Each structure stands twice: as C-alpha cells, then as structure tokens.
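# Structural characterization, general
Chain residues, written in single-letter form:
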Amino acid sequence: MTPQLSFYNTASRTQEPFTTLHPGVVNMYCCGPTVYHYAHIGNLRTFVFEDLLRRVLDYNGYAVKHIVNITDVGHLTSDADTGEDKMEKGAAREGKSVWEVAEFYTKAFMQDWERLNLKPPTRWTKATDHIPEQIALVETLEAKGYAYVIPEDGVYFDTAKFPRYADFAGLDIRGMQEGARIGVTEGKRNPTDFALWKISPSDAKRAMEWDSPWGRGFPGWHVECSAMAMKHLGPTLDIHCGGSDLIRVHHSNEIAQSEGATGVTFSRFWMHGGWLLEAPTADGNGGGKMSKSAGEFVTVDLLLKKNYGALDYRYFCLGAHYRSYLNFSWEALDTARDSLKSLRRKTDPLIGRASAIVSENALGWQRRFLEAVYDDLGFPQALAVLNQMLKDPDLLEGEKAALVRDFDRLLGLGLAEKTEREEKVLPGPLAALLEERKDARNNKDWKRSDEIRDLLKGKGFGVKDNPDGTTSWFPL
Ligand code: AMP
Ligand code: ZN
C-alpha cells in the first residue's frame, strides 16, 4: 500500500492527512528573507525544511505553485511597529542606498539558495513590486470596518473586530491587556492591533515611501505577505510556511487581515520550522535562537570559508526533525560532514548504474523510506533507512543505485550525480591562479586580479574577497 502524506498543521495543532483544495494542485506560500543583511544559517534551516516539503509534493506529482517573497521594504525592527527601519539601518551601516542594499542581499540570498540545492520557487515576489496590491488590501479592510486611523501615525487593524484573533497562536489576550506597557503606540485600541500603513513623519523624508489614501508612507510589514499570497495564489492557500518565530505575531496578523478582507480561510495548512539555536559563548553569554542582531552570525559564506560544503549543512539539517530545535556547533557540523562523506563513498560507485526497482526487497526499502518521509517529513528516519538499505547484501547493485537516485529526489544531496560542487580542494592549476591573484592584489594590479577572477569563473569557481584581506573560493 502506498504510504499517505500527513503533516502537522499549526492551525489545528494536530497531524492531518494532506489534502488540497483543487485536485492535483498545491498553492504554497513561504515567508521569505528581509534583505538588509546576509541570511544566517538559522534562516536557511527554515528554507531547507520548505525545500524538503516542496520536493515531497513534487515527488507526489502535484503541480506546486510555490511563492517566496523578498521583504525589501523597510519594516520596523520590533513586532510592535516601533523601532528602527531595518532597510535604512542596513543602508546606514554600509553607506549605500536602501535599493542597493536590497539588491545586493537579494542576490546573495539567491546564491545561498542555489548552493543549498533548494528548488527554485515558481515565483519570487518583491514587496516593493506590490505596493498597489497592499494599498488595495488596506482599503478593503477599511471599507469592511476592520481598520482605524491614528492621525499622523498610520492605519491600524482593530483585532477586537476579528474575534478569532487569539485562536491561531493560543494568545492570552486578557493577560496581554493587563500587561500592556507604556511605550506601545499611543492611540492603539488593543495591544494586539498592528499597523497596516505607516504615515511618514511630516518632518522627515524616508528612503522608501509611497503615496496612499492616508498620506505618504509605507506598508506595515504583515500586509505584504497577505497581498502577494492572495494575488498570486488566490484567497485560500493549501500551505503557508515560515519559521516558528512568525506564528504569534506575523501569521496571526496575516490571518486576521486576509480573512477579514475575504471572509474565507486563508490557508488550510500552516507549517513551521523549528529554530536553529546557537551555543552560548565560553563566558556563558548569548545562546538561543540564532538571529541577525545577536551572537555569532554564521552565513553560508563563512561555512565555505571554513572549507565546509553547503551540502554538509543541508545534511546537518536533515539529521533533525524540522519541527525540533537544532543546536548548531562546529563539532556537530564536522560530524555531519563526515557522515555525508562516508555516505558518498558508498553511493558514488553506484552512479550511472541504476536499473529498475522491481524486486519485493527493493520495493520494501522504497516503502519504508517513503513511510518515514510522508509521516510529517521524518527525514532523520529516512536517512537511517537509506544507510541500512546500502548495507543490504541481498539487494542487486542496479536496484541499490536506482533507490539512491529515487531517494535523492527528496533528499537533494546530489547523491545521484558527481558534481564539482563537492570538491573541497581547488584543482592544482586553479590554486596556483588564486595565489597569483593574491600577489596581484597585494601589488594593486586590479586588472590582473579581475582577469583571474573571470578565468576562475569560466572554470566554475567564484572568488570572494573578505574584509579581513583573505580570499575564499566556492563552486558556482
Ligand atoms: P527574516 O529574514 O528574519 O525575515 O527570516 C526569514 C526566515 O527565517 C523566517 O521564516 C524566519 O522565521 C526564519 N528564521 C529566523 N531565525 C531563525 C532561526 N534561528 N532558526 C530557524 N529559522 C529562523
Ligand atoms: Zn510573511
């Protein structure tokens, strides 16, 4: 019997058999990055989980419409619609315009995406390309009586008008009202109300602002996801994903404003990835959720600089269930790298030798693998099945090879093809070129340095000059 797909749904707090609104089609929206800095590997853990989900849906023959947004409009650093504008903060840090910052980090993000072997979404949607849709959504909410204006501040969503507001995240609204502190925006009717549109202060010009019926300003950051998801996928999605830090505020708000506007369920499944945690420093400080503002900020570039492959990190993520916390440490990443290496030693000789999967035994291994994956993405168990399968003396080599190829459609570890991506050592002549480039740079011979960079690019390797004067390379 074919195993059935079932996923944990944050909305119902139970694992449910997966069904779709329209037969054979999955409309899926994933909250994307805020492009004011590099993504850290915690952010990327969430995107790896979403990629595994995407692969499982593709494998099942669904036509998946997968949207990932790029938050390139400045929203404020706090969930309470106060604090600094993240994009402007990034621009000030780097002496660039907000638009340049957004473009630079969007490119960097997409490069990380490819390095981790994440499938391209059907469409990337930029918040700044959807300002009219966001304004239209706020107008609808205003017309339906869900919005109110705080003069010279903005348009707010009145969460008291949406009685289900607390249900999604199980919020204790009364407790929040009692605990409401000074410092929350003056004029807000309820502590959970949130900005739909922020009006620019009359005495300051913002780097990103647009005209609107309420005055020049910019959208509140929750609005973009509702507006873009509904524009591209319709009023009811099959799956909405994100990291679990988004549940309480961002996703509660997305539900309130989308369902307030349309009157129908916004998303049938909500799936959330667990946090990547960083270890406290030796003096006991830090630790907890990896974030851009605190503690060690590990990027894919840093992994490559330290001679890890991006897929070592992907393998590391596969070793934990997507909903559990995962502790990051370099030692744990070493273990993942060793395991992936040893796995490749077994799978590399099978490349190109696949036959069909026909024996009872092989079909049994396939069923066990899929049972694990279909049970709320049980990839740690699935990896164990793969390793056991490779040891089975009764399995013909051709079937083993075919199973590896089949499983890797879901794992995305590149086990079925030998790619340069996994080469950790630059081939000799290229290493010599990199050395020559170092000398050229020391001699300020930028022309030669650029020539060598282009030569390496032609051979499939990128180079990156780090602020500390070193140069790292990576497979393109
Ligand atoms: P951001 O760029 O901050 O908007 O976040 C992009 C995605 O990364 C969101 O889905 C977040 O929920 C997720 N995220 C942020 N921090 C972590 C973390 N430490 N572990 C896992 N996911 C995270
Ligand atoms: Zn979102």
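Residues numbered from 1 in each chain as written. Chains lettered and ligands numbered in written order. Predicted model: local features only at pLDDT ≥ 70, side-chain atom pairs only at ≥ 80, totals over all residues. Heavy atoms only, no water.

### Focus on the overall build of the chain
Note the following rule: Only DSSP runs of H or I reaching four residues or more are called helices, and only runs of E reaching two or more are called strands; each is numbered from the N terminus. It is over C-alpha atoms that the radius of gyration is taken, and the globule rule equals 2.2 Å times the number of residues to the power 0.38. Three labels apply to residues, based on accessible area from a 1.4 Å probe with only protein chains included: buried if under 20% of the type maximum, exposed if over 50%, partly exposed otherwise in between. Between two residues, a contact is recorded if the distance between any of their heavy atoms is within 4.5 Å. For the accessible areas, the method is Shrake-Rupley and the probe is 1.4 Å, while residue cover comes only from the protein chains on display. Charge convention: Lys and Arg are scored as positive, Asp and Glu as negative, and His as well as the terminal groups of each chain are ignored. For this purpose, a charge sits on NZ of Lys, CZ of Arg, CG of Asp or CD of Glu.
Within the chain, the secondary structure is distributed over 15 helices and 16 strands. Compactness check: the chain gives a C-alpha radius of gyration of 24 Å against a globular reference of 23 Å for 476 residues, within 12% of the reference. With respect to the principal axes defined by its C-alpha atoms, the chain has extents near 70 × 70 × 45 Å. In the chain, buried positions account for 53% of the 476 residues. Sequence-distant contacts, at least 24 apart, represent 74% of the contacts inside the chain between residues at least 6 apart. Total accessible area on the chain is roughly 21,400 Å²; 51% of this is exposed by carbon and sulfur atoms. Here the chain carries 59 positive and 67 negative side-chain charges, and the mean point of each set is 3 Å from the other.

### What about the side chain of R206?
Position of R206 relative to the elements: it lies in the loop between β8 (194–199) and β9 (217–219). Classification of R206 as buried rests on a relative accessible area of 13%. In contact with R206, other than residues within four places in its own chain, are G74, D85, E88, S200, P201 and F218.

### Re the site of ligand 1
Going by this rule: Near is defined per residue: the residue qualifies when any heavy atom it owns lies within 4 Å of the molecule or strand. Polar contact criterion, stated in full: a pair of N or O atoms within 3.5 Å, where within protein one must be able to donate a hydrogen and the other to accept it, and residues adjacent in sequence count only if both atoms are side-chain atoms. The residue classification treats Ala, Val, Leu, Ile, Met, Phe, Trp, Tyr, Cys and Pro as nonpolar and Asp, Glu, Lys and Arg as charged. All others, Gly included, are polar.
Contacts to ligand 1 come from 18 residues, most closely from T34, T46, D245, L276 and M290. Taking G243, its main chain carries an N or O atom lying 3.0 Å from an oxygen atom of ligand 1. Contact between ligand 1 and L276: a nitrogen atom at 2.8 Å from a main-chain N or O atom of the residue. Protein contact buries 93% of the 500 Å² of open area that ligand 1 shows by itself. Elements that contribute at least two residues to the shell around ligand 1 include exactly α1 (41–59) and β10 (237–243). Of all the elements, α1 adds the most residues to the shell around ligand 1, at four residues. Looking at the shell around ligand 1 residue by residue, the class counts come to six nonpolar, nine polar and three charged.

### Digging into empty space enclosed by the protein
Over the atoms rolls a probe the size of a water molecule, and in doing so it shows where empty space is left. Heads up, the condition is: The method works on a 1 Å grid over the protein atoms by themselves. A cavity is a set of points holding a 1.4 Å probe that cannot get out, a pocket is an open set with protein on both sides within 12 Å along at least five of seven lines, and residues with an atom within 4 Å of a point line them. Grid points are joined across faces, edges and corners, and a volume is the space filled by probe spheres set on the points. The split of the chain into domains comes from an automatic or database domain assignment.
With the rule as written, the count across this model stands at three cavities of 30 Å³ or more. Roughly 90 Å³ of internal volume is contained in the largest cavity. Together, R45, V48, F49, L52, C317, L318, A320, Y322, L377 and F379 line the largest cavity. Breaking the lining of the largest cavity down by element, the ones donating at least two residues are α1 and α9 (310–318). Examining the composition of the lining of the largest cavity, we find that four residues originate from one element, α1, more than from any other. Taken together, the residues of the lining of the largest cavity sort by class into nine nonpolar, no polar and one charged. A domain split of the lining of the largest cavity shows at least three residues from each of domain 1 (6–273) and domain 2 (276–411).

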